[in-house]
Amino acid sequence: QVQLVESGGGLVQAGGSLRLSCAASGRISSTYAMGWFRQAPGKEREFVAGISWSAGSTYYADSVKGRFTISRDNAENTVYLQMKSLKLEDTAVYYCNSRRASSPWLLKGIGSWGQGTQVTVSS
């Protein structure tokens, strides 16, 4: 229901950091959640991290726990993904997603999606 625009992707060496941003065109409902998915070439899109807009409750994929941090700025209608200790396997197009907080993260065809931003991790 909202337009999402990602930014912050780029090329980074393994072990480095990047911060992705996702700006929503409209105010995000307190009943919604925002999240990040990623898709590597030839691979299925996978869930990375999510956050509820009201309480700020977070959920992470096991592959990024301890390295990635999702956060939100309610006043700016923006969600962030701080990525640290990046690995080669983190290389993918990262997509921002908004959905009702009651919708399971395992479902990929739900809500609104951004156009994606490329993250490339080099050795």
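Within any chain, residue numbers begin from 1 and follow the written order of that chain's sequence. The predicted nature of this model means local features are confined to residues of pLDDT at least 70 and side-chain atom pairs, given and counted, to a pLDDT of 80 or more, with totals for whole chains, interfaces and linings taken over all residues. Calculated side-chain values reflect all of the structure's heavy atoms, with hydrogen atoms and water omitted.

1. A short note on the sheet that holds strand 8 (residues 78-83)
One key point about sheets: their strands pair by backbone hydrogen bonds, in either a parallel or an antiparallel sense. Any two strands are treated as partners once DSSP identifies two or more bridges connecting them. Only DSSP runs of H or I covering at least 4 residues are called helices, and only runs of E covering at least 2 are called strands; the numbering of each starts at the N terminus. With antiparallel pairing, the four strands of this open sheet are ordered in space as 1-3-8-7. Each edge of the open sheet is held by one strand with a lone partner, namely strand 1 (4-7) and strand 7 (68-73). Adjacent strand axes in the sheet meet at a mean angle of 15°, parallel and antiparallel pairs treated alike. Sheet analysis places strand 7 next to strand 8, joined by six bridges and oriented antiparallel. Across the sheet, the residue bridging to Phe68 is Met83, located in strand 8. Simply put, an axis is a line fit to the C-alpha atoms, just over the touching stretch for a helix, and the angle between two N-to-C directions goes from 0 to 180 degrees.

2. Observations regarding the nonpolar core
What tends to happen in soluble globular proteins is that the nonpolar side chains get buried as a cluster. We call a set of buried residues a nonpolar core when its members are Ala, Val, Leu, Ile, Met, Phe, Trp, Tyr or Cys and they connect through side-chain atoms within 4.5 Å of each other. Type-normalised accessible area, obtained with a 1.4 Å probe on protein chains alone, sets the label of each residue: buried when under 20%, exposed when over 50%, and partly exposed for intermediate values. Of all hydrophobic cores here, the largest spans 31 residues; its most connected members are Met34, Trp36, Val79, Leu81, Met83 and Tyr94. Those elements that provide at least two residues to this core are strand 3 (18-24), strand 4 (32-39), strand 5 (46-52), strand 7, strand 8, strand 9 (92-100) and strand 11 (117-122). Contact partners of Val79, with chain neighbours within four places excluded, come to Leu20, Ser21, Cys22, Met34, Trp36, Ile51, Trp53, Ile70, Ser71, Arg72 and Cys96. Residue contacts are defined here by distance: any two heavy atoms, one from each residue, within 4.5 Å place the two residues in contact.

3. Considering the state of the cysteines
Working definition: a disulfide is two cysteine sulfur atoms within 2.5 Å of each other. Across all of its chains, the model carries one disulfide by this definition. Across the disulfide from Cys22 sits Cys96; the S-S distance is 2.0 Å. Taking the sign of the S-S torsion, -85° for the link of Cys22 and Cys96, the bridge is left-handed. Remark: Cys96 occurs in strand 9 and Cys22 occurs in strand 3; sequence separation between them is 74 residues. Take Cys22 and Cys96: they sit in the same class, and that class is buried.

4. Focus: the environment of Val64
Summarising the element assignment, Val64 is placed in the loop between strand 6 (58-60) and strand 7. Along the backbone, Val64 and Leu4 are 60 residues apart, and their C-alpha atoms lie at a distance of 23 Å. Residue contacts for Val64: discarding those within four places in its chain leaves Arg38 and Val48.

5. Observations regarding the pairing of strand 11
Burial along strand 11 is one-sided: the face carrying Thr117, Val119 and Val121 is buried and the face carrying Gln118, Thr120 and Ser122 is not. Note that strand 2 (residues 10-13) and strand 11 share four bridges and pair parallel. The partner of Val12 across the bridge, within strand 11, is Val121. In the sheet, strand 9 pairs with strand 11 via three bridges, with the strands oriented antiparallel. Residue Val93 lies in a different strand from strand 11, and its bridge partner there is Gln118.

6. Comments concerning the side chain of Asn97
By the secondary structure assignment, Asn97 is in strand 9. Here Asn97 falls in the buried class, since its relative accessible area comes to 0%. Among the polar contacts listed, one links the side chain of Asn97 to the side chain of Arg99, at a separation of 2.6 Å. A 3.5 Å cut-off defines polar contacts: any pair of N or O atoms within that distance qualifies, except that in protein one atom must be a possible hydrogen donor and the other a possible acceptor, and neighbouring residues in sequence count only when both atoms are side-chain atoms. Among the polar contacts made by the side chain of Asn97, one reaches the main-chain carbonyl oxygen of Ile110 at a distance of 2.9 Å. Setting aside residues up to four positions removed in sequence, Asn97 forms contacts with Leu4, Ala33, Met34, Gly35, Phe37, Trp105, Ile110, Gly111, Ser112 and Trp113.

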